[in-house]
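Okay, here's what each chain looks like letter by letter:
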Amino acid sequence: MVQIKSVGIIGAGQMGSGIAHVCALGGYDVLLHDVSQDKIEAGLALIERNMARQVARGIIDQSAMEAGLARIKAAPELQTVGATDLAIEAATENEDVKKTIFKALTPHLAEQTILASNTSSISITRLGAASDRPERFIGLHFMNPVPLMNLVEIIRGIATDAPTYETAVEFARSLGKTTANAEDFPAFIVNRILVPMINEAIYTLYEGVGTVDAIDTALKLGANHPMGPLELGDFIGLDTVLSIMNVLYDGLADSKYRPCPLLVKYVEAGWLGRKAGRGFYDYRGEKPVPTR
């Protein structure tokens, strides 16, 4: 088994910065890469804000925050990530983008480096085949927001060897996470169950069964969900929800996974949820207001 001491993260958005956050607090040296310095700096600023919230809530102390931030370094050049013990891709949920990253990274990888993807739906077997080391390739699906959510899905591709799997489980648990093994089928466990529920909620809205407010209130109070499904879709990002539904629909060829036309329209409009300021709610005012 490889002993993980350093972690490279490709993608400094919400997921990548969250993974960097927990890895740094877990004692790992972290390199954070994205396509521009601005995006890396935005990711580092987000990490600092989120750690400061943890200090304010008494979850960590100031010295832990300072030590954690000191462990994270910007990596403007992708090739520098190749020298780490574990490189985790956390780019957008697009198979072509992910494969392009792995192909570009492959020539710069150290012999011992394990490759991982934080994909929430795409085949680990196919992604691993885009690298030079499918036997040392694995899915590490962290949940959003990473510092708060306790689960990491571990997904083996068909070629993933046992030492890589064991190292991945040990690594995730060292971060204080609980692991669940998922087989390499579209969307794995969590999103195969969760995202079709969101899609069904959108169909419920599309067909006029209920309003945005009624649907979210019904699920929060009637099913004891902490967040309504439309609110959750906005939080995840409606483009990501659509991407996962397309992976399910294409991969399983079952009509029950057909993306709702209203979801497609919202994504076409650029109303992607919180990150865009509008989705099923409008977030541009003092409080979110339903858009339908």
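Residues numbered from 1 in each chain as written. Predicted model: local features only at pLDDT ≥ 70, side-chain atom pairs only at ≥ 80, totals over all residues. Heavy atoms only, no water.

Asker: So, the UniProt feature "domain: 3-hydroxyacyl-CoA dehydrogenase C-terminal" (unreviewed entry) in the chain: which residues are in play, and what are the values?
Answerer: What UniProt calls "domain: 3-hydroxyacyl-CoA dehydrogenase C-terminal" (unreviewed entry) maps, in this numbering, to residues 188–283. The straight-line gap between the two end C-alpha atoms of residues 188–283 is 31 Å; of that span, 62% is helix and 2% is strand. (UniProt positions renumbered as here; feature names shortened; annotations may be inferred. Helix = DSSP H or I, 4+ residues; strand = E, 2+ residues; numbered from the N terminus.)

Asker: Go over the packing of helix 10 (residues 238–252) against helix 11 (residues 261–269) with me, naming the residues and quoting the values.
Answerer: For any two helices packed against each other, one specifies the crossing angle of their axes together with the interaxial distance. Where helix 10 meets helix 11, the axes come as close as 9 Å, and the angle between the chain directions of the two elements is 135 degrees. Taken together, the axis directions place helix 10 and helix 11 in an arrangement best described as oblique. Every pair of crossing elements has a handedness; the one defined by helix 10 and helix 11 is left-handed. Along the contact surface, helix 10 presents L238, D239, V241 and L242, while helix 11 presents L263, V264, Y266 and V267. Of the residues assigned to the contact of helix 10 with helix 11, the class counts are 7 nonpolar, no polar and 1 charged. (Axes fitted to C-alpha atoms, helices over the stretch in contact; angles between N-to-C directions. Parallel < 35°, antiparallel > 145°, perpendicular 65-115°, else oblique. Left-handed = near helix turned anticlockwise from the far one by under 90°. Contact = heavy atoms within 4.5 Å. Nonpolar A, V, L, I, M, F, W, Y, C, P; charged D, E, K, R; others polar.)

Asker: Quick rundown of the environment of G279? Include the residues and the values.
Answerer: Along the chain, the position of G279 falls in the loop between helix 11 and strand 9 (281–282). Sequence separation between G279 and L230 is 49 residues, and the spatial gap between their C-alpha atoms is 8.8 Å. For G279, the residues in contact, after removing those within four places along its chain, are D234, L238, Y266, W271, G273 and T291.

Asker: Now, about the packing of aromatic side chains: what can you tell me, with residues and values included?
Answerer: As enumerated under the stated definition, the model contains 6 aromatic pairs in all. Taken together, a centroid distance of 4.9 Å and an interplanar angle of 75 degrees make the contact between F102 and F137 edge-to-face. Taken together, the residues F102 in helix 4 (residues 95–105) and F137 in strand 6 (residues 137–142) connect sequence positions 35 residues apart. Accessibility expressed as a relative area gives 1% for F137, which makes it buried. Consider the rings of Y266 and F280, whose centres lie 4.4 Å apart with planes at 25 degrees: the pair is stacked. (Phe/Tyr/Trp six-rings, centres within 6.5 Å; stacked < 30°, edge-to-face > 60°. Buried < 20%, exposed > 50% of the residue type's maximum accessible area, 1.4 Å probe, protein only.)

Asker: Provide a residue-level description of the UniProt feature "domain: 3-hydroxyacyl-CoA dehydrogenase NAD binding" (unreviewed entry) in the chain, including the pertinent values.
Answerer: The sites that carry the UniProt feature "domain: 3-hydroxyacyl-CoA dehydrogenase NAD binding" (unreviewed entry) are, in the present numbering, residues 7–184. Taken as a whole, residues 7–184 contains 40% helix and 21% strand, while its terminal C-alpha atoms sit 24 Å from one another.

Asker: An account of helix 11 is requested, with residue identities and associated values reported.
Answerer: For helix 11, every residue scored as buried is listed here: L262, L263 and Y266. Seen along its axis, helix 11 keeps its buried residues to an arc of 105 degrees; they face one direction. Summarising the geometry of helix 11, the exposed residues directed more than 90 degrees from the buried face are K265 and E268. Close packing links the buried residues of helix 11 with helix 7 (190–206) and helix 10. G270, located one to two residues past helix 11, shows a positive phi value of around 80 degrees. (Arc of directions from axis to C-beta.)

Asker: Please provide a residue-by-residue account of the pattern of salt bridges, values included.
Answerer: Tallying each qualifying case throughout the model produces 11 salt bridges. Between K98 and E89 there is a salt bridge whose closest N-O contact spans 2.5 Å. Across the pair, E89 and K98 agree in class, each one buried. Taking the shortest distance from any N to any O, the salt bridge between K220 and E231 comes out at 3.9 Å. One end of the pair, K220, is in helix 8 (residues 212–222); the other, E231, is in helix 9 (residues 229–236), with 11 residues separating them in the sequence. Residues participating in the shared-partner salt-bridge network are E89, E93 and K98. (Salt bridge = Lys/Arg side-chain N within 4 Å of Asp/Glu carboxyl O.)

Asker: Tell me about the sheet that holds strand 7 (residues 151–156), and name the residues and values.
Answerer: If you trace the 8 strands from one edge of the open sheet to the other, you get 3-2-1-4-5-6-7-8, paired in mixed fashion. Only two strands of the sheet have a single neighbouring strand rather than two, namely strand 3 (72–74) and strand 8 (178–182). Averaged over all adjacent pairs, the angle separating strand axes in this sheet is 25 degrees, with direction ignored. As paired elements, strand 4 (residues 86–89) and strand 5 (residues 114–117) share 4 bridges and run parallel to each other. Among the inter-strand pairings, I88 is bridged to a residue of strand 5, identified as A116. Sheet strands in contact with helix 2 (residues 37–56) are strand 2 (29–33) and strand 3, and its direction is about 160 degrees off that of strand 3. (Pairing = 2+ DSSP bridges.)

Asker: So what about the side chain of E95? Which residues, and what values?
Answerer: Counting through the fold element by element, E95 comes out in helix 4. At a separation of 2.8 Å, a polar atom in the side chain of E95 contacts the side chain of R126. Ignoring any residue separated from it by four or fewer positions in sequence, one finds E95 in contact with I122, R126 and L127. (Polar contact = N/O pair within 3.5 Å; in protein donor to acceptor, adjacent residues only side chain to side chain.)

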